[in-house]
Number of protein chains: 2
Amino acid sequence: MAEQVEHVPFEPVPQEVLTGFLAALEPNLNSNATDKTRIGLDSCLLPTRFDNLSIIQTVDFFYPLIDDPYLMGKITCANVLSDLYATGVIEVDKLQMVLSISTELSEQERDVVIPLVIKGFKDNAKSVGVTATVTSAAINPWCMMGGIATSVCSEKEYINPLNAQVGDALILTKPLGTHMACTVNRWMENPERWKKISQVVNEIEVKDTYNKAVASMMRLNRKAAELMHKYGAHGATDVTGFGLLGHAKNLVEFQTNNVKFSIHTLPIVKYMLAVSEVTGNKQKLVSGLAPETSGGLLICLPEGVAEDYCSEIYKSEGCKAWIIGKVEEGNKTAEISKDVLIVEV
Amino acid sequence: MAEQVEHVPFEPVPQEVLTGFLAALEPNLNSNATDKTRIGLDSCLLPTRFDNLSIIQTVDFFYPLIDDPYLMGKITCANVLSDLYATGVIEVDKLQMVLSISTELSEQERDVVIPLVIKGFKDNAKSVGVTATVTSAAINPWCMMGGIATSVCSEKEYINPLNAQVGDALILTKPLGTHMACTVNRWMENPERWKKISQVVNEIEVKDTYNKAVASMMRLNRKAAELMHKYGAHGATDVTGFGLLGHAKNLVEFQTNNVKFSIHTLPIVKYMLAVSEVTGNKQKLVSGLAPETSGGLLICLPEGVAEDYCSEIYKSEGCKAWIIGKVEEGNKTAEISKDVLIVEV
């Protein structure tokens, strides 16, 4: 899998390009909130032919970003389920893994790597009682992996993501910079890059950070979703390819109320700030535009319960969540304060 | 899109490879019929948490095989829905198109091509009252397209594909060789290939056959599915990448009864037999192994109603269906008779 990693395009198709295509084809798409979520967010609720039951489905594909196939399978599973969890839906009726096997893999590589990727995916699903099925899409130059999560649910299982209120706190349930931690881990094999980076971190620190990042990406956002119900969340999104700010903008744009998201704190994986400084990527990281894989949920929560939410996540999972901003009156924009506080994690 | 077409891998990952991976991971998977369909066939029925309701989902991805983006979108839609229709389920609750945009397309090409592909997909879905949504997977070296069809249905909407009876007729609802007709159309631009082919067909004949093949691939298998209920079908599969015989073998292998499928007739698109002879592909075509895209349904039907089924398809759609074989006592194999009758269509 190492070959693929080098080709990984870190940017998906720009949001505005696809949105533009769709808007041109469907001029009436913005007529109601349910339709809005078709474009703006990664999942949508559709009524079925049966009373009070809706179907919600999320689809996600990407390229492997670490070399360990088993762990990559686990990350893929977490990433696929994350879109569903962002809507508060936690019961998964069908989880289908989809794999495109790389044409660059030898038969022997394929026979070792692919079963491990599948096993990782299935094991992570099994940890929350879901039996995943697997389908092979086609062979492809790059190894592509992803899946489809589907739930048939009643409306009360779903948290409409468009109800942010002025005064809400913004919560983030995983630190930023995990994708970068994987990239830096790869750069250890590149003498030129390593020369720069080793000014600020040593090998042990890079490996340690990489391991923490992988653990974070494998972690399911299920508990975070469950607690969204308990604490009355007003909407959420997961943070992936467009970075924290990209997904925040996406979420705020479709809100019912005239609000803006003001982000005052950025929890970032340790050493990544220093590394980004010496590699010239600092601006991207501190402006919230660094892509994440299988990132946390960004949640709008009533201010009074925000700390309780974070401490309950910590108690049950041993992982921190952070209050990173607030919902203010505004014009459906999202921004990061000039004097943003960086918290190293 | 012309560039992609040249790379098209005509063979998906071999069936036995994926089946092998899955069998190794899931030793108990063959314990009941519903589970069997997870491996052997392209769709499966899963219970939901709600009384008597199941979820069925089919996933399909492939590469464009014709240059016209709008028609390719229509073919993609027909191909995605076909797996669902093969189970007799005709109400689609969610249809999601998934696109990987090629890195080889310029921005200008992309802005022309992709909206047309999407429009073709959506228009074909709309023709049966389904509103398709679109998601972009990621950029990819090759343009990859496909989708996910999901239905929440009651059990009676689903036709268990495993009930073939000795004495049943085998029906095929589209002719074979459509994929080859597209390849031959491309070969007109290749002087060396054309020199061979033009011994047996002229340009007008190639174009005409190509147009008929495209029309056949765009055609939905919905009516065929609807009539499966009316005439009491005992099971079906759609015919795609593994060719008629590949899919027949797949279907027969999981039957409840000890049966074999004996195929005595092959309806093949006009000129393709002659072309396959001069290009050395005849063996593949007449042995039922030539891949198809968006092919017909192969249906096990009580013998007494087989002709009525075919004539009702013809009356309502103006397209022929054929009785191509019969279900006999046997050891779960499928074979094509030595004295198979080739019907040019």
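Bear in mind the structure is a predicted one, so any value in this text is a computation, not a measurement.

**Side note on the pattern of salt bridges**
A complete count under the given rule lists 28 salt bridges over all chains for this structure. The shortest N-O distance in the salt bridge between A:R222 and A:E91 comes to 3.9 Å. You can see A:R222 sitting in helix α9 (residues 222-230) and its partner A:E91 sitting in the loop between α4 (69-85) and β3 (94-102), a full 131 residues away along the chain. Linking B:E226 and B:K223 is a salt bridge whose minimum nitrogen-to-oxygen distance equals 3.5 Å. Here B:E226 and its partner B:K223 are both found in helix α9 (residues 222-230), three residues apart, which amounts to about one turn of the helix. On the accessibility criterion, B:K223 (23% relative accessible area) is partly exposed. Residues joined in a network through salt bridges with shared partners are A:E91, A:R222, A:K223 and A:E226.

**Points about the confidence of the model for chain A**
Detail in the predicted coordinates should be disregarded across regions flagged by low pLDDT. All names here are of chain A. Per-residue pLDDT for chain A has a mean of 87; in total, 87% of the residues score no lower than 70. Of the regions scoring below 50 in pLDDT, residues 1-12 engages in 37 contacts with residues more than four places distant in sequence or in other chains. In the model, residues 24-40 has pLDDT below 50 throughout and makes 26 contacts with residues more than four positions away in sequence or in other chains.

**With respect to the environment of A:L301**
Residue and element names in this part refer to chain A. Here L301 is to be found in strand β9 (residues 297-301). Each C-alpha atom, one on L301 and one on I323, is 9.7 Å from the other, the two residues being 22 residues apart in sequence. Among all residues touching L301, those that are not within four sequence positions of it are D168, A169, I171, Y231, G232, A233, A306 and Y309.

**Digging into the side chain of A:N124**
Inspection of the secondary structure puts A:N124 in helix α5 (residues 107-126). In contact with A:N124, other than residues within four places in its own chain, are A:K74, A:C77, A:A78, A:M218 and A:L220.

**Considering the packing of aromatic side chains**
Two aromatic rings, taken as a pair, are described by how far apart their centres are and by the angle between their planes. Under the definition given, this model contains three aromatic pairs over all chains. A ring pair is formed by A:F61 and B:F61, whose centres lie 5.3 Å apart and whose planes are at 80°; its orientation type is edge-to-face. Here the residue A:F61 occupies a position in strand β2 (residues 53-62), and B:F61 occupies one in strand β2 (residues 53-62), the pair thus bridging two chains. Between the aromatic rings of A:Y231 and A:Y309, the centroid separation amounts to 5.9 Å while the plane-to-plane angle is 75°, which identifies the pairing as edge-to-face. Linking A:Y231 in the loop between α9 and β7 (235-238) with A:Y309 in helix α13 (residues 303-317), this pair joins segments that are 78 residues apart in sequence. We classify A:Y309 as buried; its relative accessible area is 0%. The lysine or arginine in question, A:K207, covers the ring of A:Y210, its NZ or CZ lying 5.3 Å from the ring centre.

**Side note on helix α6 (residues 178-187) of chain B**
Most of α6(B) sits inside the fold, with ten of its ten residues counted as buried. Every buried residue of α6(B) is accounted for by B:T178, B:H179, B:M180, B:A181, B:C182, B:T183, B:V184, B:N185, B:R186 and B:W187.

**Overview of the packing of α4(A) against helix α8 (residues 203-218) of chain A**
All names here are of chain A. As a packed pair, α4 and α8 sit with axes 7 Å apart at the nearest point and diverge in direction by 45°. When the interaxial angle is binned, α4 and α8 end up oblique. Seen from α4, the contacting residues are L71, K74, I75 and A78; seen from α8, they are V214, M217 and M218. A class-by-class count of the residues in the contact of α4 with α8 yields six nonpolar, no polar and one charged.

**Let's talk about the sheet that holds strand β11 (residues 334-344) of chain A**
Residues and elements named next belong to chain A. With respect to topology, six strands assemble into an open sheet ordered β7-β9-β6-β10-β8-β11, the strand pairing being mixed. On the outer flanks of this sheet lie β7 and β11, each paired with one strand and no other. Taking each pair of neighbouring strands and ignoring which way they run, the sheet shows an average axis angle of 20°. Pairing analysis gives four bridges linking strand β6 (residues 169-172) to β9, with the strands arranged antiparallel. By the bridge assignment for β9, A169 is matched with L301.

**What to know about the sheet that holds strand β6 (residues 169-172) of chain B**
All names here are of chain B. Reading across from one edge, β7-β9-β6-β10-β8-β11 is the order of the six strands in this open sheet, with mixed pairing throughout. In the strand order of this sheet, the two ends are held by β7 (235-238) and β11 (334-344), each with one partner. Each neighbouring strand pair of the sheet contributes to a mean axis angle of 20°, computed without reference to strand direction. Where strand β8 (residues 259-268) and strand β10 (residues 322-329) come together, five bridges link them in antiparallel fashion. By the bridge assignment, F261 is partnered in β10 with V327.

**Some thoughts on the pairing of strand β9 (residues 297-301) of chain B**
Residue and element names in this part refer to chain B. When you tally the buried positions in β9, you get five out of five residues, the bulk of the element. Going residue by residue along β9, you find L297, I299 and L301 tucked away on one face and L298 and C300 tucked away on the opposite face as well. Strand direction decides the pairing type here: β7 and β9, joined by four bridges, are antiparallel. Its bridge partner lying in β9, T237 is registered against L298.

What counts, and at which threshold
Each chain has its residues counted from 1, following the order in which its sequence is written. Labels are handed out in written order, letters beginning with A for the chains and numbers beginning with 1 for the ligands. Predicted model: local features are reported for residues with pLDDT of at least 70 only, side-chain atom pairs are reported and counted for 80 or more only, and whole-chain, interface and lining totals are derived from all residues. Side-chain measures here rest on the full set of heavy atoms in the structure, leaving out hydrogens and waters. The salt bridge criterion pairs a side-chain nitrogen of Lys or Arg with a carboxyl oxygen of Asp or Glu, the two atoms within 4 Å. In DSSP terms, a helix is any run of H or I states spanning at least four residues, a strand is any run of E spanning at least two, and both are numbered starting from the N terminus. Exposure categories follow from relative accessible area, calculated using a 1.4 Å probe and restricted to protein chains: below 20% of the type maximum is buried, above 50% is exposed, and the middle band is partly exposed. The predictor attaches a confidence to each residue, called pLDDT, with possible values from 0 through 100. Throughout, a residue-residue contact means that at least one pair of heavy atoms, one from each residue, lies within 4.5 Å. Pairing of aromatic rings covers Phe, Tyr and the six-membered ring of Trp, with a centre-to-centre limit of 6.5 Å; geometry is then stacked below 30 degrees between planes, edge-to-face above 60, and tilted otherwise. Comment: the charge-over-ring label is applied if NZ (Lys) or CZ (Arg) is within 6 Å of the ring centre and within 35 degrees of the ring normal. Structural elements are reduced to axes, namely lines fitted to C-alpha atoms, with helices fitted over the stretch in contact, and the angle between N-to-C directions of any two is expressed from 0 to 180 degrees. Angular relationships are summarised with four words: roughly parallel below 35 degrees, roughly antiparallel beyond 145, roughly perpendicular across 65 to 115, and oblique for the angles in between. The nonpolar class holds Ala, Val, Leu, Ile, Met, Phe, Trp, Tyr, Cys and Pro. Asp, Glu, Lys and Arg form the charged class, and all remaining residues, Gly among them, are polar. Strands are labelled as partners when DSSP assigns at least two bridges between them.

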